Amino acid sequence: MSALTVKNLSVVYQTRKELVKALTGVSFEIEKGSALGLWGHSGCGKSTIIKSILALPMDEPGWVEGEASFEGKPIAPDVNNYVDLSNRDVIRKNAVGFYRNHRKLVAPHLKQSFRTIFQEPIYSFEADRYIGLQIRQVFTHIANGDQSLASKLLDEFAISIEQLDLTLDYIDRRRNLQLSGGECQRIALAMSIVGTPKLLLADEPTTALDRKTREVANDMLIEKMRVAGMTMLVASHNRLELMRLVEKVIVLCKGVVVEKFTKEWLVDKPSDMFHPYTRKLWFAVDEKANILPGELQPTDSTFSSGCPFYSECSIAANDKSLKQLCQHSQPNFVSAGEGHEVACHLFNTTNNATDGV
Ligand code: SF4
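Residues numbered from 1 in each chain as written. Predicted model: local features only at pLDDT ≥ 70, side-chain atom pairs only at ≥ 80, totals over all residues.

Q: I keep staring at the overall build of the protein chain and nothing clicks. Help me out?
A: Scanning the protein chain for helices and strands turns up 14 helices and 12 strands. Out of the 357 residues in the protein chain, the part that is buried amounts to 41%. Counting only contacts in the protein chain whose residues sit at least 6 apart along the sequence, the fraction spanning at least 24 positions is 68%. (Helix = DSSP H or I, 4+ residues; strand = E, 2+ residues; numbered from the N terminus. Buried ≥ 20, exposed ≤ 12 C-beta atoms within 10 Å, placed from the backbone. Contact = placed C-beta atoms within 7 Å.)

Shown next, in the form of structure tokens:
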């Protein structure tokens, strides 16, 4: 049975300058006790998916359309302020802070079951208070005021954080700016699995960790899934991390899913990736030590109806017959093998993997 279900999620932001279509019709399901990876460069919509699922405030006002449910129940049942995303005039006219205060709309019975790891966790803590105090406050909140349960959660945290080479005593004596990015990441990670949540939404969960600590952290997450049935959505630009953590991957280009496959396809070679954008991702990861160029930010041009990779695709640029099709029509998904689907006109017409990106 599916634990997390996301259907047709679309998001549009109103920035000071323009409208930005950040997500378009994203759908996926995750089975209980397993993990799905969101793979893409910085700015492709991975974090927006996580925030939208939880109806959290975004950096810019905007609109959400679509559904997210956990174990069959809507996550934010009272969110009904949707507008017609196909009508740009309506969107402009209604430019208000849609996300403001939406946190309270997440169904109360689900709040205790969910955890998140956000990027740059240093900003998840208040600057002027000791981290230890803040952690205890969070555990008291999770335990709904039950001090004995809060104390058990703290003990569990102390064990996890020691596995990640920090101690509670060290943390107790520091404020956030006295910790490094890697230390904050380790604290956020250990906090996220305390009490074994049903669902963990993890945005670049091991960024800023050295290789050895990353291995330990990944093992801890895997154990929570296998032994305790935790379900996980992992946003990452790091192919190697996804290979370790997830069973399935969806690839996002400018907020559009362009390829999806089971993790076996990630293991061997870039030629197993069929979409030209996914191949670009593969080489960016391998050649640049897992740091991707961020040049593909979504812009107003993402309102075009064609392939999201059109403006960067050298194959379309050099093929007159494909060019028109790619510019004006978004490709449908076709099967590319067992557990593998791709949305690219080239693959649609030739049924072959593409050469060169
Ligand atoms: S060939 Fe066309 S559909 Fe395929 S990635 Fe390039 S632009 Fe997109």
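Q: What am I meant to see in the nonpolar core here?
A: Side chains that are nonpolar tend, in soluble globular proteins, to be buried together. Of all hydrophobic cores here, the largest spans 89 residues; its most connected members are Met232, Leu233, Val234 and Val251. In this view, Val234 contacts Ala35, Gly37, Ala202, Pro205, Leu242, Leu245 and Val246; residues no more than four positions away in its chain are not counted. (Core = buried A, V, L, I, M, F, W, Y, C linked by C-beta atoms within 7 Å.)

Q: I would appreciate a short explanation of the site of the ligand in the present structure.
A: Around the ligand, the structure places 14 residues, and the nearest of them are Cys307, Cys313, Ala316, Cys326 and Cys344. At the level of elements, α12 (314–317), α13 (320–328) and α14 (345–350) are the ones that each hand at least two residues to the shell around the ligand. When grouped by side-chain class, the residues that make up the shell around the ligand number 12 nonpolar, two polar and no charged. (Near = placed C-beta within 6 Å. Nonpolar A, V, L, I, M, F, W, Y, C, P; charged D, E, K, R; others polar.)

Q: Before we go on, may I ask you to explain the sheet that holds strand β2 (residues 19–31) in this structure?
A: Strand pairing in a sheet is mediated by backbone hydrogen bonds. Such pairs are either parallel or antiparallel. On the basis of which strands lie adjacent, the open sheet formed by four strands has the order β2-β1-β4-β5 and antiparallel pairing. On the outer flanks of this sheet lie β2 and β5 (73–74), each paired with one strand and no other. Two elements, strand β4 (residues 62–70) and β5, share two bridges in a ladder whose sense is antiparallel. The residue bridging Phe70 from the neighbouring strand is Lys73, located in β5. (Pairing = 2+ DSSP bridges.)

Q: Hey, could you run me through unusual backbone geometry in this one?
A: Across residues other than glycine, the phi torsion is negative in most instances, and most of the peptide bonds are trans. Phi at Asn8 is positive, roughly 50°, even though this residue is not glycine. Since 12 C-beta atoms lie within 10 Å of it, Asn8 is described here as exposed. The backbone of Asn144 shows a phi angle near 55°, a positive value even though the residue is not glycine. Secondary-structure assignment places Asn144 in the loop between α4 (131–142) and α5 (147–163).

Q: Just checking my understanding: could you explain the sheet that holds strand β9 (residues 248–253) for this structure?
A: Within the open sheet, the eight strands sit side by side as β6-β7-β8-β3-β9-β10-β12-β11. Their pairing is mixed. At either end of the open sheet lies a strand with only one pairing partner, and these are β6 (114–117) and β11 (334–337). Neighbouring strand axes in the sheet, compared pairwise and without regard to direction, differ in orientation by 20° on average. (Axes fitted to C-alpha atoms, helices over the stretch in contact; angles between N-to-C directions.)

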